[in-house]
Amino acid sequence: MPEMPEVETIRRTLVDKVTARKIIRVEMLLPRLIKWPDAARFQAIITDKTIKRLSRSGKYLLFYLTDGLVMVVHLRMTGRLYYIRQGEEQEKYVRIVFTMDTGDQLVYADIRTLGTIYAMPTEELWRISGLATMGPEPLSADFTVFYLRDVLRDRKGKIKSLLLNQKIIGGLGNIYADESLAIAGIHPERDGGSLTELETDKLFQAINKVITAGIEDGGTTFRDYRDGAGRSGKHQYHLRVYGRKDEPCRICGTPIVKSIVGGRGTHFCPTCQR
């Protein structure tokens, strides 16, 4: 699933291309991806609207349109959103196509078709529960070391699962949670409430560090992820533990272990993360 660095990279690679462009046609090749309103109404209210700005919240992309509307896209597992010039060929698994007044197209493709798309007035964004309940995201003013200390204090859940809880930290996903815990030297099965103040401070710094690095590298690509221009990310070449089962730890040489924590594949070094 694209996480905060991947979605932010997509936003950055699309923003100059779509801002001030009018959507003149919407091709609904898989209408069931539209979650609000119904597909026919979505098509009607989006057509002839101009994209005023493109922002991001956690793993959501928000296209603010004229007439006070906002289109929200969540890529889920394999969703892709990319821009092609007039006459360029679309790739496989295209589900929805937005044609701009220039003839260029914003294309939504999705192999597993788990993505979700919405359109509604800005004041009705509360309808999307994931947005309404999202916690502060890394690198934001609200995500402070004091917030992290407070939210983890006395928590009984495993720290890996707590980091993936979007109500606690918005935008953090499996890859960057594993990497953050590796940098901080914390075992993923530790209870959140068992962390010392020093460990929590290290974890806070690690989270911001891996998110910053992920954005600078254009995201992490293993299979499906591409940015808005169709390019792969490069952060996979710098990962410490994620996806490196049985490979030597970059610090101590111990083979990286993969286990299941909270139903999610989890990578860690059993020596550096006790």
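Everything quoted here is computed from the prediction, not taken from an experiment. (Residues numbered from 1 in each chain as written. Predicted model: local features only at pLDDT ≥ 70, side-chain atom pairs only at ≥ 80, totals over all residues. Heavy atoms only, no water.)

Chemist: What's the story with helix 2 (residues 39-46) in this structure? I'm lost.
Modeler: Three- or four-residue spacings in an α-helix give side chains the same orientation, since the helix completes a turn every 3.6 residues. Every buried residue belonging to helix 2 is among Ala-39, Phe-42, Ile-45 and Ile-46, and all of these are buried. The buried residues of helix 2 occupy an angular sector of 135° when the element is viewed end-on, so they sit on one face. For helix 2, the capping residue at the N-terminal end is Asp-38, with a side-chain oxygen 3.2 Å from the backbone nitrogen of Ala-40. (Buried < 20%, exposed > 50% of the residue type's maximum accessible area, 1.4 Å probe, protein only. Helix = DSSP H or I, 4+ residues; strand = E, 2+ residues; numbered from the N terminus. Arc of directions from axis to C-beta. Polar contact = N/O pair within 3.5 Å; in protein donor to acceptor, adjacent residues only side chain to side chain.)

Chemist: Can you walk me through the nonpolar core in this structure?
Modeler: Soluble, globular proteins show a tendency: their nonpolar side chains are buried together. In terms of nonpolar packing, the biggest core is built from 34 residues, with Phe-42, Ile-46, Phe-63, Ile-96 and Phe-98 touching the most fellow members. With five residues, the top contributor of residues to this core is helix 1 (residues 4-18). In this structure, Phe-63 is in contact with Val-18, Ile-51, Arg-53, Leu-54, Leu-69, Val-70, Met-71, Val-73, Leu-81 and Leu-106, ignoring residues within four places of it in sequence. Residues Leu-148, Leu-162, Ala-177 and Val-210 belong to the second largest nonpolar core, which totals 29 residues. (Core = buried A, V, L, I, M, F, W, Y, C linked by side-chain atoms within 4.5 Å. Contact = heavy atoms within 4.5 Å.)

Chemist: Would you explain helix 4 (residues 145-152) in this entry?
Modeler: Within helix 4, burial applies to Val-145, Leu-148, Arg-149, Val-151 and Leu-152. Of the residues trailing helix 4, Asp-154 is marked for its positive phi of about 70°.

Chemist: How should I be thinking about the side chain of His-74 in this particular structure?
Modeler: Structurally, the position occupied by His-74 is in strand 5 (residues 69-74). There is a polar contact of 3.1 Å between the side chain of His-74 and the backbone nitrogen of Arg-76. Look past the residues within four positions of His-74 in its chain and what remains in contact with it is Met-1, Lys-59, Tyr-60, Tyr-108, Gly-115 and Thr-116.

Chemist: Please explain a nonpolar patch on the surface as it appears in this structure.
Modeler: Where nonpolar side chains cluster on the molecular surface, the patch consists of Met-1, Met-77 and Leu-114 and spans about 240 Å² of accessible area. Examined against the element boundaries, Met-77 turns out to sit in the loop between strand 5 and strand 6 (79-84). Overall, Met-77 belongs to the partly exposed group, its relative accessible area being 35%. (Patch = residues over 30% accessible without salt bridge, like charges linked within 9 Å, V, L, I, M, F, W, Y side chains within 5 Å. Areas by Shrake-Rupley, 256 points an atom, 1.4 Å probe, with all protein chains shown as cover. Salt bridge = Lys/Arg side-chain N within 4 Å of Asp/Glu carboxyl O.)

Chemist: I keep staring at the pattern of salt bridges and nothing clicks. Help me out?
Modeler: In this structure the tally under the stated criterion is 17 salt bridges. Residue Glu-137 is joined to Arg-56 by a salt bridge in which the shortest nitrogen-to-oxygen separation is 2.8 Å. Placement of the pair is Glu-137 in the loop between helix 3 (129-132) and helix 4 and Arg-56 in strand 3 (residues 49-57), with a sequence separation of 81 residues. Here Glu-137 matches Arg-56 in class, with each residue buried. Between Arg-231 and Asp-227 there is a salt bridge, with its nearest N and O atoms 3.0 Å apart. Judged by relative accessible area, which is 49%, Arg-231 ranks as partly exposed.

Chemist: How should I be thinking about the pairing of strand 1 (residues 22-28) in this particular structure?
Modeler: Within a regular beta strand, the side chains point alternately toward one face of the sheet and then the other, so they alternate between its two faces. Note: strand 1 against strand 3, two bridges, orientation antiparallel. From the neighbouring strand, Lys-22 faces strand 3, where its bridge partner is Thr-50. (Pairing = 2+ DSSP bridges.)

Chemist: Can you help me understand the sheet that holds strand 5 in this one?
Modeler: One key point about sheets: their strands pair by backbone hydrogen bonds, in either a parallel or an antiparallel sense. As summarised here, the arrangement of the nine strands in space is 2-9-5-4-3-1-7-8-6, forming an open sheet in which the pairing is mixed. Each end of this open sheet is capped by a strand with a single partner; those strands are strand 2 (34-36) and strand 6. Taken over all neighbouring pairs, the strand axes of this sheet differ in orientation by 30° on average, direction set aside. Relative to strand 8 (residues 105-110), strand 7 (residues 94-100) is paired through five bridges, and the arrangement is antiparallel. Across the sheet, the residue bridging to Val-97 is Val-107, located in strand 8. Lying over the sheet, helix 1 contacts strand 3, strand 4 (60-65), strand 6 and strand 8, oriented at roughly 155° with respect to strand 3. Across the sheet, helix 2 lies against strand 1, strand 2, strand 3, strand 4, strand 5, strand 7 and strand 9 (116-121), angled at about 160° from strand 1, the strand it touches most. (Axes fitted to C-alpha atoms, helices over the stretch in contact; angles between N-to-C directions.)

Everything listed here is a matter of geometry and, on its own, says nothing about what the molecule does.
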